Structure formats: C-alpha cells, structure tokens
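# What the coordinates show
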Amino acid sequence: MKKIVILGGGTAGTMMANKLRNALERDEWDITIVDQFRTHYYQPGFLFIPFGIYHERDVKKPKSSFFPVGVNVLYTGIDKVDADNKKVLLEGGKVLFYDFLIIATGTKTCPEETPGLKEQLWYKDIFDFYTIEGALALQKHFKSWQGGKLVMAITEIPYKCPVAPLEFVFLAEEFFTKKGIRDKVDITIVTPMAGVFTKPIATKMLSELLVEKNINVVADFYIERIDNEKKALVSYDEREVPFDTLTIVPVNMGDKMVERSGLGDDLNFVFTNKHTLQQRDHEEIFVIGDAANLPTSKAGSVAHFASEILFDNLMNAIEGRPLTAHFDGHANCYIETGYGKGALIDFNYDTEPLPGTFPLPGIGPFGLLKNTKINHYGKIMFRWIYWHLLLKGKELPVEAEMTMAGKKRVTF
Amino acid sequence: MGQKVIANKTIDVNDEGYMTDPSQWDKDVASALAEEIGIELSDKHFEVLDYLREKFKEGEVLTIRKVGKSGIVDIKGLYQLFPGGPLKYSSKIAGIPKPASCV
Ligand SMILES: Cc1cc2nc3c(=O)[nH]c(=O)nc-3n(C[C@H](O)[C@H](O)[C@H](O)COP(=O)(O)OP(=O)(O)OC[C@H]3O[C@@H](n4cnc5c(N)ncnc54)[C@H](O)[C@@H]3O)c2cc1C
C-alpha cells in the first residue's frame, strides 16, 4: 500500500483530500489527513462579523462533514516532518510514513510578535478580525462604541487576503454612516507599504474610493510597538498614530511545525517551487495554500487554482511522468466596498490587475476593477460555493490558469 | 516603461524609476540612484543591497523584518541607512522591483 499524507485539513488540505480520494484506487493508495482542530471556519466570513452581518453560526461547520469517505482522519497536532526519512512525527509520538506529502498548514496571526499588542488593551480597544475570537469581540465592542479614532493597521507583509483590511474600512464607513455617527468616527488605514494600492492601474481605478469615503491613509508606516498608555501605534522611525479603537492584522506566520522541520523561511513559510508546487529541496513533498512562500496572494481562490495544478503534478509524479503542470499564481478576489457593491480583481505572477470584464458562464460577466452590485453578489455567493463545491474539490466554472479574455491592456 | 541614462549607462526603468532588468545593475548605477534619493552609499549599504539582490534572485518575498534578521543590520539600523521608506528605497537602489501587494 502506498501512502499520501496531507498536513492540515483547512481549505487547501480538504480540497486535496477530496480530489485525490476520487482519483486514486483505495486498495492501492492510503490517504491520511491530519489537523489539530475539529471545526472548519469559513475565514472570508470573519470580515462580516464585526458589523453583525454574519454570526458565528454562519461561518462554522465540523471539518468531518467535508472529508471524503475512505480517508483516514487524525485530529492531533503535527510535531514535525523528517523529510530525509519520509516520515511525519505527530504529537503524542505517533509516526506516519509517506510516499508523498502535502503540506497545507496555512498561516496564522502572531500578535506576540509586536510588543504591546497583546497587553492590557487587547480585546478591549484592540482587535483583530482574522480569528473568530477577535471578530466576535469586535462585534460586541462596536455595538456600544460611541465613535472616535478608528484605526485599521497592517503590521507586516505577507498576510492572508491582502484586500481584507481595505474591505474592513469600507464596511466600517457604511456601518457608522447607517448608525448615524459617521461624523464622530475618524477612519484611518495604516500600511507598511508605499500606499494602500501598489499596482499602478489598481491605484488609478480604486484609490478614488478612499477619498470619496473620507478614509485617511498613513503609508510607509512600519509598526515597532503599541503604546498602551498613549493609545498609539509607534513606528520604527518614531512616528505615532493615535487610536481609540484599533483593528489590526498581526504578523502572519506559517506554523511552527515548518520551523521545527527546517523546511521554510524566517516567517515559517515553506520554500516552494512557484510553478511545480514542490518543496524546494524534496521532490516528494508538495505545498499548497497559505503555507507556501509563493509570490502571489494568500487566498482561498489561489489555493483552489493551485489545487488543480498540484493534483495534475502529483498524478504525473505517481505515474512517473515529468511534472508538466505549471502554476501561474492565479488569484481572483472580490473586494467589498460597502453599500451592496464590490470590485473584482483577477491577476497572476506576471499580470497585474487589469480593468475589463471577467467571464463567468451563466452568472457573469463581472466588472474588473469596477465598483458594481453584481460583484458584491459574487462575494456573497462565494460562501455557498465554498461549502458546497470548493471544499469538496468539485469543478468550478473558472479556469486554473488566468485568462486575458475580457481584460483590457491599458496605459495611463 | 522607459529608459534613463545614469552613471554613463542606459538602464530600463518603470514609471516609478525602478529598474526592470537587474542585469543592468552595477555599483556605479546604485550610487547614482542613491544620490537621486539623497543617500550616499557606504559599505554597509552595499551589504544590504547584495543581500536584497540575492534573496530576490532566490524568489523570496522581501520584508523589512527579513532584512532585520539577516545579521547585517537591525531594523532601526536599516531606517538609518535608508530613511523614510527603507525597503522601497533600498529595493530601488538594488535594482529590484518595488515591494508590492496584489492591488
Ligand atoms: C478575514 C479573512 C478574509 C478572507 N477573505 C477571503 C476572500 O474573500 N477570498 C479568498 O479567496 N480568501 C479569503 N481569505 C483567505 C482564506 O481563508 C485562506 O487563504 C484559506 O483559508 C487558506 O487555506 P489553507 O488551507 O492554506 O489554510 P487554512 O484553511 O488556515 O488551514 C490550515 C490548517 O492547518 C492546521 N494546522 C496548522 N498547523 C498544524 C499543526 N502543527 N498541527 C495540526 N494541524 C495544523 C490548522 O488547524 C488549519 O486547519 C480570508 C481570510 C481571512 C482571515
């Protein structure tokens, strides 16, 4: 019996378990998936929780509902991979041997990386919305908040779903306007990058929205620490941004398991061949989802597109063919902009988000880099697609490889 | 996309003045690019630039934190070398793309 082990049963690991169990004979291939938790959270839904649009029940389901029959499931922590001996050590001492390994352990927030972040103001005036706990605490806080300085800050790149902080300020703008206290809420977004938008065309097409909605931007601000006394962010070059309520994306890192296994970089993202999706130094290890150090977005849509490539290459490897499937870094992200509208971006390693339309048989076309109602419905529909099609590894009506159809090459 | 003549060499640059062909880079180009930003390059600067170019070649995503852990300078030190926007300025001078997010 040959063995495939999948580490992590989140978005990417679950998709792979379904695809592989469907394709491989049960009496030839044994498939095992390992995860420390039993609950699957629909993370894109966390964005809507602070504003009371979604509740906890809307974003959680048991992981077991999505694992296929015929896959061994182990709910336990992963200690480390011993790649030289093709085995995985689990917490509690159990050992799993593999012929092929898929690492899908994702990324998580590490507030302890920023001095002052997880201290007396944590979950009192400082929140994240990248965890269920943070999103729920912020929902409660916003119910009675009377206004003041609302700061949305990004500590470090890369972080998952790069547009989420932007969506957050757009939704906050709508939320406080509808509450009738927008004049008392000063909204600022703080980024370590040179601007909220860094790609020339997206900047031209979308930065107007921030001006229109009266949202301030502080750029090139690299947070060193949080001053709890003064209630201010302090940067390495000693600038300060004061806040009354701070929403923050803490430093994102891969799991410590990656560090213990010696397979990744300083942020514990696994060194990954950006085209074949193999681990850099071990050809029988593949990497998918947020855990990989790929130069594209850490997003569920990327994991979905990558899953098709990884599947093809794993089949190639199993059947002794060269790994001909090449991942292009394809990402497709809806951006909620408030008031029932949204924008859509579609890009890959080499092509920046371009305007035009995105063809989607039966439903689209969606407007790229345009602020429209149909794009908002796309985002809302995504939750259904996620639970019913995506996790189960079913075909979506979108190609893994980015298409130029509908896109316009523009110069400004 | 355009070209510019600097340190007696013609280099390809994008709209924001970032080099698009890392092979056209040399130390004189770096010094001239730095001078435009108002920075005079020391050996320490060059150590940082070499580190960035090497990591870029290996396909790694570059961050201020990563440079801070490189053993060359800490983050405060990096700010002193490239005030105002350490990663965007050091990348520009190193002849590699501007650090960018997806939009
Ligand atoms: C607020 C927010 C909004 C988002 N919005 C969008 C969006 O609109 N569109 C989009 O495409 N994406 C969005 N995303 C991103 C998307 O949710 C992630 O990219 C996706 O879930 C990544 O899947 P993954 O399988 O790589 O990681 P995960 O789904 O996080 O799974 C990793 C799994 O590995 C397990 N694990 C890790 N280490 C260990 C260990 N040592 N032992 C045992 N188990 C371990 C974890 O328990 C977890 O279950 C959003 C994310 C957030 C937080």
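Here is a short report on the structure shown in this document. Keep in mind that what you see is a predicted model, and the values were worked out from it rather than measured.

## As for the overall build of chain B
- Helix and strand counts for chain B stand at five helices and two strands.
- Listed by position from the N terminus, the elements making up chain B come as β-β-α-α-α-α-α.
- Over its C-alpha atoms chain B spans a radius of gyration of 13 Å, differing by no more than 12% from the 13 Å that the globule rule assigns to 103 residues.
- Its C-alpha atoms give chain B principal-axis dimensions of roughly 35 × 30 × 25 Å.

## Thoughts on the site of the ligand
Residues and elements named next belong to chain A.
- Taken together, 30 residues surround the ligand, and among them Thr11, Ala12, Asp35, Ile78 and Lys379 come closest.
- The backbone of isoleucine 78 places a nitrogen or oxygen atom 2.8 Å from a nitrogen atom of the ligand.
- Contacts to the ligand include glycine 300, whose backbone N or O atom sits 2.9 Å from an oxygen atom.
- Protein contacts shield 94% of the accessible area of the ligand, which totals 1000 Å² for the unbound molecule.
- Among the elements of the structure, α1 (11-23) and α7 (300-318) are those that each provide at least two residues to the shell around the ligand.

## Structural notes on the interface of chain B and chain A
- Counting residues at the interface gives 20 residues for chain B and 31 residues for chain A.
- For the pairing of chain B and chain A, the buried interface totals around 2300 Å² over both sides, and the portion due to carbon and sulfur atoms is 58%.
- Three residues stand out in chain B for area buried against chain A, namely Arg65, Cys102 and Val103 of chain B, and they jointly supply 32% of the buried area on that side.
- As a salt-bridge pair, aspartate 220 of chain A and lysine 88 of chain B come within 2.4 Å of each other at their nearest N and O atoms.
- Applying the counting criterion to the chain B and chain A interface returns eight residue pairs in polar contact (both at pLDDT 80 or more).
- Looking at the side of chain B that touches chain A, the elements with two or more residues in it are α3 (64-68) and α4 (75-81) of chain B.

## What to know about the pairing of strand β2 (residues 9-13) of chain B
All names here are of chain B.
- Looking at chain direction, strand β1 (residues 2-6) and β2 are connected through five bridges and run antiparallel. Paired with valine 5 across the bridge in β2 is threonine 10.
- Counted between consecutive antiparallel strands, the loop separating β1 from β2 contains two residues, among which alanine 7 sits at a positive phi close to 45°.

## So, the packing of aromatic side chains
Residues and elements named next belong to chain A.
- Taken as a whole and judged by the stated rule, the model has 26 aromatic pairs over all chains.
- Taking 5.2 Å as the distance between ring centres and 65° as the angle between the ring planes, the aromatic pair formed by phenylalanine 129 and tyrosine 130 counts as edge-to-face. A single burial state applies to phenylalanine 129 and to tyrosine 130, both of which are buried.
- Relative to phenylalanine 176, the ring of phenylalanine 142 has its centre 5.2 Å away and its plane inclined at 90°; by these criteria the two rings are edge-to-face. Here phenylalanine 142, found in helix α3 (residues 132-144), pairs with phenylalanine 176, found in helix α4 (residues 164-178); they are 34 residues apart in sequence, far enough to count as distant. This pair shows no difference in class: phenylalanine 142 is buried, exactly as phenylalanine 176 is.
- Cluster of aromatic residues (ring-pair linked, three or more members): Phe51, Phe129, Tyr130, Phe142, Trp145, Phe168, Phe175 and Phe176.
- The ring of phenylalanine 271 carries arginine 280 above its face, with NZ or CZ at 3.9 Å from the centroid.
- In this structure, lysine 298 is placed above the aromatic ring of phenylalanine 269, and the distance from its NZ or CZ to the ring centre is 4.0 Å.

What counts and what doesn't
- Residues numbered from 1 in each chain as written.
- Chains lettered and ligands numbered in written order.
- Predicted model: local features only at pLDDT ≥ 70, side-chain atom pairs only at ≥ 80, totals over all residues.
- Heavy atoms only, no water.
- Helix = DSSP H or I, 4+ residues; strand = E, 2+ residues; numbered from the N terminus.
- Rg over C-alpha atoms; globule rule 2.2 N^0.38 Å.
- Near = heavy atom within 4 Å.
- Polar contact = N/O pair within 3.5 Å; in protein donor to acceptor, adjacent residues only side chain to side chain.
- Areas by Shrake-Rupley, 256 points an atom, 1.4 Å probe, with all protein chains shown as cover.
- Contact = heavy atoms within 4.5 Å.
- Buried area = accessible area lost by both parts, 1.4 Å probe.
- Salt bridge = Lys/Arg side-chain N within 4 Å of Asp/Glu carboxyl O.
- Pairing = 2+ DSSP bridges.
- Phe/Tyr/Trp six-rings, centres within 6.5 Å; stacked < 30°, edge-to-face > 60°.
- Buried < 20%, exposed > 50% of the residue type's maximum accessible area, 1.4 Å probe, protein only.
- Lys NZ or Arg CZ within 6 Å of the ring centre and 35° of its normal.

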